[in-house]
Amino acid sequence: MKKSKVGFIGVGYMGFGMANNLIKDFDVYIIAHKNRDPIEKLVTEGATEVSNYKELFDLNLSCLMMCVTNTPIAIQIAKELVSLINNELLIIDLTTHDKNGTTKMKNIFNSSKIKYTVNPLMGGPVQAEEGILGGIWGGDPKDFEESKKFLQSFCKNVFNFGSIEKAAQAKLLSNFLSLLTTTTVIEFFRSARKLDIDINLLCDVAKLGSGNSGAFNRIADKALEGNFKGYVFSVNNTLKDLTYINDLLKSSNNAEELSKIAMNFYASAKDKGMGDLLVSELIEKDY
């Protein structure tokens, strides 16, 4: 049976694992870029590398997925793509957008041939490779089942939030919860060190109380062994997401203040040259 063709733009930090899982079910086509390592690994697994967007769309794809760093980059790519799309196409935008990003993208892809949907993700690179991400889907209801056919390759669950705008907002609120929890865990460790409290005993206590969480376990279990790379998300990406979150929450006084505190925490780390570190590596740093 002939497989559907899926194009994938952005096989980097998160995209690699997703594309690698798609290869099991579909013919996957990826765009060349400077970071050769993930490209070469995916080609070895069965993906096909193409050199430009025109070559990609000449393949008459069934689905195009985009997983890029931020809204400005996504918009720039969308403007390059739109005139090249020559057949009916489902687009699944996996990017975490700012509060207006998905609307801007939808306006660019305003064509009867294009079904623009979004599916920002819960989870990180490890979950992407394991195929157990959570999807926060938004788009025209008639496109949900078709989207799930492709997303099930790397998502354990896909949740339909209705419009693309609501899905984008839900993703930022989900990150608000997870990133503030993560920030608290980091400061929990740093404060215990400063106060010379036995962190092993303290973590045993924390696991018995309501402070226990996915973020806590992801960081704590490895940190207690001297591995501070348990939370695979960079300071730069965290700062970007918190900037988007803070903008979304401008009318929510307390939530805005909480997001601003966390945002400033990572802005300070970036200013001191720590932007490329994983957030959990900040446990060891003084600044």
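Residues numbered from 1 in each chain as written. Predicted model: local features only at pLDDT ≥ 70, side-chain atom pairs only at ≥ 80, totals over all residues. Heavy atoms only, no water.

**Here we look at helix H9 (residues 199-206)**
Those residues of H9 that fall on the buried side of the exposure criterion are Ile-199, Cys-203 and Ala-206. An end-on view of H9 places all buried positions within 60° of arc, on one side of the element. Turned more than 90 degrees from where H9 packs its buried face, Leu-201 and Val-205 sit exposed. Against the buried residues of H9 lie helix H8 (164-194) and helix H10 (214-223). Measuring from the backbone nitrogen of Asn-200 back to the side-chain oxygen at the start of H9 gives 3.0 Å, which picks out Asp-198 as the cap. (Buried < 20%, exposed > 50% of the residue type's maximum accessible area, 1.4 Å probe, protein only. Helix = DSSP H or I, 4+ residues; strand = E, 2+ residues; numbered from the N terminus. Arc of directions from axis to C-beta. Contact = heavy atoms within 4.5 Å. Polar contact = N/O pair within 3.5 Å; in protein donor to acceptor, adjacent residues only side chain to side chain.)

**Some words on the pairing of strand E5 (residues 89-93)**
With five of five residues buried, E5 is to be regarded as a mostly interior element. Of the two faces of E5, the one holding Leu-89, Ile-91 and Asp-93 and the one holding Leu-90 and Ile-92 are both buried throughout. For the crossover that starts at strand E4 (residues 63-66), traverses helix H4 (residues 71-81) and ends in the parallel E5, the hand is right-handed. With five bridges joining them, E5 and strand E6 (residues 114-118) adopt parallel strand pairing. Following the sheet pairing, Ile-92 is matched in E6 by Thr-117. In terms of handedness, the path from E5 via helix H5 (residues 101-108) over to E6 forms a crossover that is right-handed. (Right-handed = clockwise from strand over helix to strand, strands pointing away. Pairing = 2+ DSSP bridges.)

**Describing the pattern of salt bridges**
Going through the model one piece at a time under the given rule, you end up with 14 salt bridges. Asp-37 is the salt-bridge partner of Lys-41, the closest N and O atoms lying 3.3 Å from each other. Note that Lys-41 and Asp-37 are positioned in helix H2 (residues 36-45) at a spacing of four residues, about one turn of the helix. Look at Lys-41 and you get partly exposed, because its relative accessible area is 43%. (Salt bridge = Lys/Arg side-chain N within 4 Å of Asp/Glu carboxyl O.)

**What about helix H12 (residues 253-271)?**
The end-to-end C-alpha separation of H12 is 26 Å, in line with the 27 Å expected for 19 residues at 1.5 Å each. Turning to H12, its buried residues number three or more, namely Ala-255, Glu-256, Ser-259, Ala-262, Met-263, Phe-265, Tyr-266 and Ala-269. Against H8 and helix H11 (235-248) lie the buried residues of H12. Positive backbone phi, approximately 85°, marks Gly-273, located one or two places after H12. (Expected span 1.5 Å × (residues − 1).)

**Here we look at a nonpolar patch on the surface**
Residues Met-122, Phe-159 and Phe-161 make up a contiguous nonpolar surface patch of about 260 Å² in total accessible area. Among the secondary structure elements, Phe-159 is positioned in strand E9 (residues 155-160). Classification of Phe-159 by relative accessible area gives partly exposed; the value is 39%. (Patch = residues over 30% accessible without salt bridge, like charges linked within 9 Å, V, L, I, M, F, W, Y side chains within 5 Å. Areas by Shrake-Rupley, 256 points an atom, 1.4 Å probe, with all protein chains shown as cover.)

**Some remarks on the nonpolar core**
One finds Ile-186, Phe-189, Leu-242, Tyr-266 and Leu-282 to be the most contacted residues of the largest nonpolar core, which totals 36 residues. Going through the elements one at a time, H8, H9, H10, H11 and H12 are the ones with two or more residues in this core. It is H8 that provides the largest number of residues to this core, a total of eight residues. In contact with Phe-189, not counting residues within four places along its chain, are Ile-199, Cys-203, Ala-220, Ala-223, Leu-224 and Ile-283. (Core = buried A, V, L, I, M, F, W, Y, C linked by side-chain atoms within 4.5 Å.)

**What about the packing of aromatic side chains?**
Tallied over the entire structure, the rule returns six aromatic pairs. Ring geometry for Phe-188 against Phe-216: centres 5.9 Å apart, planes inclined by 75°, an arrangement best described as edge-to-face. One end of the pair, Phe-188, is in helix H8; the other, Phe-216, is in helix H10, and 28 residues separate them in sequence. Connected via pairs of aromatic rings, a cluster forms that spans Phe-188, Phe-189 and Phe-216. Between Arg-218 and the ring centre of Tyr-231, over which it is positioned, the NZ or CZ distance is 4.7 Å. (Phe/Tyr/Trp six-rings, centres within 6.5 Å; stacked < 30°, edge-to-face > 60°. Lys NZ or Arg CZ within 6 Å of the ring centre and 35° of its normal.)

**Re the packing of helix H1 (residues 15-22) against H2**
Taken N-terminus to C-terminus, the directions of H1 and H2 make an angle of 10°; their axes are 10 Å apart at the nearest point. Put simply, H1 runs roughly parallel to H2. Along its contact with H1, which presents Phe-16, Ala-19 and Asn-20, the element H2 presents Pro-38, Lys-41, Leu-42 and Glu-45. When grouped by side-chain class, the residues that make up the contact of H1 with H2 number four nonpolar, one polar and two charged. (Axes fitted to C-alpha atoms, helices over the stretch in contact; angles between N-to-C directions. Parallel < 35°, antiparallel > 145°, perpendicular 65-115°, else oblique. Nonpolar A, V, L, I, M, F, W, Y, C, P; charged D, E, K, R; others polar.)

**Comments concerning the packing of H4 against H5**
Running from amino to carboxyl end, H4 crosses H5 at an angle of 5°, the nearest separation of the two axes being 10 Å. Between H4 and H5, the crossing angle belongs to the class labelled roughly parallel. On H5, the residues that touch Thr-71, Ala-74, Ile-75, Ala-78 and Lys-79 of H4 are Gly-101, Lys-104, Met-105 and Ile-108. Residues that form the contact of H4 with H5 fall into these classes: five nonpolar, two polar and two charged.

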